[in-house]
Amino acid sequence: MTTAQAHPNIALVKYWGKQERVGNLPATPNLSITLAGLTTTTHITDAAKDAFVLNDAPADDPKLNRWLETLRGSFDIPPLEIHSSNDFPTSAGLASSASGFAALITAINAFCELGLDQAMCSQWARRGSASAARSIYGGFVALVPPQWWAVPMAKKDHWALEVVVAVTSTEAKDVGSGEGMERSRLTSAFYNAWLRDAAADFTAASDAISSKDFAALSAVAELSCLKMHSVMLTSQPTLSYWTPASIACMDRVRSLRALGHDVFFTVDAGPQVKAVCLSASADAVVSALSDVPGVIKIIRSPLGDGARVIE
Ligand code: DP6
């Protein structure tokens, strides 16, 4: 048996939209931070036929089946029993597919002795879920052309950011990211503007991370998030992932900033609000978001490491 672990990541410059060619390639460069406070653990053993168990229940995941078939097109892989569990809500905008595919390729690579380096693991994780490419690495991570495997930008101790996740719903989302972003590409009038500005946002965020300029990173990360949600909302049918509590949390983050705290928000394809802050403001952020009506749980996380084999 081999066991691997990986953490979700949250994008500060978002990926929303794919290129029209094979390989699950994002249309725009994107970057993220990896979170230590949420973990996916995946065990792999030999089996008579493939079996997938997610959070202790047998599961049939067509995306996983297609991915395994593609992987078997390149490598000789026996039938496998895969047990994967998340210590956080699955499919609710907390990037479980990112940590899931990153842990899975890391475990299969070790168990089947595929000999993949981190770049190749990242490329295979991307084929499962493009955000998963980034969870191969810890700290600050970019997913950029031309290769479209993730590259580490800075280690987690470059800048001790903390993330406070305000969970406002634990229900699985109605429309998954892949289907949602395809709908946006085909129907949102804002989609081309989103593509046009992404490289500039990516450069601004990379510069802000290099120089540890929190105000600059706040501005570009919130804007990238809100532009992505504008594209989602103007898709037809609309993609509306927020709850009233999500909006209240974003307002609360703005109020904290007006009081002088170093904090900004980001939200993915789900209702949870992730507040990114400097350590000095983390207690105030936890306490302010805990008080927002509709917040059912707070998860606090420092930055974490990349995917790894643990046994
Ligand atoms: C909103 O990586 O889940 O979290 O490649 O189709 O599996 P697929 O999509 P996925 O999309 C993530 C979208 C996002 C933004 C981001 O993480 O960059």
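Everything here concerns the structure above.
Counting starts from 1 at the beginning of each chain's written sequence and moves along it residue by residue. Since the coordinates come from a predicted model, pLDDT governs what is reported: local features require at least 70, and pairs of side-chain atoms require 80 or more to be given and counted, while whole-chain, interface and lining totals use all residues. To obtain the side-chain values, all non-hydrogen atoms of the structure were included, while hydrogens and water were left out.

Caption draft 1: Spatial organisation of the packing of aromatic side chains. Any pair of Phe, Tyr and Trp rings, taking the six-membered ring for Trp, is counted once the centres come within 6.5 Å. Such a pair is stacked with planes under 30 degrees apart, edge-to-face with planes over 60 apart, and tilted for the rest. In total, this model carries six aromatic pairs according to the counting rule given. Consider the rings of F75 and W124, whose centres lie 6.1 Å apart with planes at 65 degrees: the pair is edge-to-face. You can see F75 sitting in the loop between α1 (62–74) and β7 (80–86) and its partner W124 sitting in helix α3 (residues 118–128), a full 49 residues away along the chain. The class of W124 is buried, set by a relative accessible area of 9%. With a centroid separation of 6.1 Å and an interplanar angle of 80 degrees, the aromatic rings of W159 and F214 are classed as edge-to-face. With W159 in the loop between β9 (150–154) and β10 (161–167) and F214 in helix α6 (residues 214–233), the pair connects residues that are 55 residues apart, well separated along the chain. Here a helix means four or more residues in a row that DSSP labels H or I, a strand means two or more in a row labelled E, and each is numbered from the N terminus. Burial here depends on accessible area, computed with a 1.4 Å probe over protein chains only, as a share of the maximum for the residue type. Under 20% is buried, over 50% is exposed, and the range in between is partly exposed.

Caption draft 2: How the structure looks around the sheet that holds strand β5 (residues 51–54). Read across the sheet, six strands follow the order β6-β5-β7-β4-β1-β14 without closing on themselves; strand pairing throughout is mixed. The two strands at the open ends of the sheet, each matched to only one other strand, are β6 (57–58) and β14 (308–309). Each pair of strands is called paired provided DSSP finds at least two bridges between the two strands. With two bridges connecting them, strand β1 (residues 2–6) and β14 associate as antiparallel partners. By the bridge assignment for β14, Q5 is matched with R308.

Caption draft 3: Summary view of the pattern of salt bridges. Here, a salt bridge means any Lys or Arg side-chain nitrogen found within 4 Å of an Asp or Glu carboxyl oxygen. In total, this model carries 14 salt bridges according to the counting rule given. Across the pair D197 and K227 runs a salt bridge, and its minimum N-O distance is 3.6 Å. One end of the pair, D197, is in helix α5 (residues 191–210); the other, K227, is in helix α6, and 30 residues separate them in sequence. Overall, D197 belongs to the partly exposed group, its relative accessible area being 25%. Under the relative-accessibility criterion, K227 is labelled buried at 19%. Note that R300 is salt-bridged to D283, the shortest N-O span being 2.8 Å.

Caption draft 4: Highlighting the site of the ligand. Being near a molecule or strand, for a residue, comes down to having at least one heavy atom within 4 Å of it. Lining the immediate environment of the ligand, one finds 18 residues, of which Y15, K18, S129, S131 and R134 sit closest. Whenever a nitrogen or oxygen atom comes within 3.5 Å of another N or O atom, the pair is scored as a polar contact, on the condition that within protein one atom can donate a hydrogen and the other can accept it, and that pairs from neighbouring residues in sequence are kept only if both atoms are in side chains. Within the contact set of the ligand, an oxygen atom lies 2.5 Å away from a side-chain nitrogen or oxygen of K18. Within the contact set of the ligand, an oxygen atom lies 2.7 Å away from a side-chain nitrogen or oxygen of R134. Throughout, the Shrake-Rupley method with a 1.4 Å probe supplies accessible areas, and for residues the shown protein chains are the sole cover considered. Here the ligand loses 93% of its free accessible area of 460 Å² to cover by the protein chains. Among the elements that take part in the shell around the ligand, helix α4 (residues 177–187) stands out by supplying three residues, more than any other. Looking at side-chain class alone, the shell around the ligand contains seven nonpolar, six polar and five charged residues. For the purposes of this description, domain bounds are those given by an automatic or database domain assignment. Viewed by domain, the shell around the ligand spans two of them, domain 1 (2–155) and domain 2 (158–302), each represented by three or more residues. Throughout, the ten residues Ala, Val, Leu, Ile, Met, Phe, Trp, Tyr, Cys and Pro are labelled nonpolar, Asp, Glu, Lys and Arg are labelled charged, and all others, Gly among them, are labelled polar.

Caption draft 5: Structural view of the side chain of S235. Within the element layout of this structure, S235 appears in the loop between α6 and α7 (244–258). We classify S235 as buried; its relative accessible area is 2%.

Caption draft 6: The arrangement of the nonpolar core in detail. Take the buried residues of types Ala, Val, Leu, Ile, Met, Phe, Trp, Tyr and Cys, join any two whose side-chain atoms come within 4.5 Å, and each joined set is a nonpolar core. W16, W67, L104, I105, I108 and I136 are the most contacted members of the largest nonpolar core, which has 48 residues in total. Elements with a contribution of two residues or more to this core: β1, α1, β7, α2 (96–111), α3, β8 (140–143), α5 and α6. It is α2 that provides the largest number of residues to this core, a total of eight residues. Viewed by domain, this core spans two of them, domain 1 (2–155) and domain 2 (158–302), each represented by three or more residues. Discounting residues that sit within four places of it in the chain, I108 has contacts with I44, W67, L68, L71, I77, L80, E113 and L114. Throughout, a residue-residue contact means that at least one pair of heavy atoms, one from each residue, lies within 4.5 Å.

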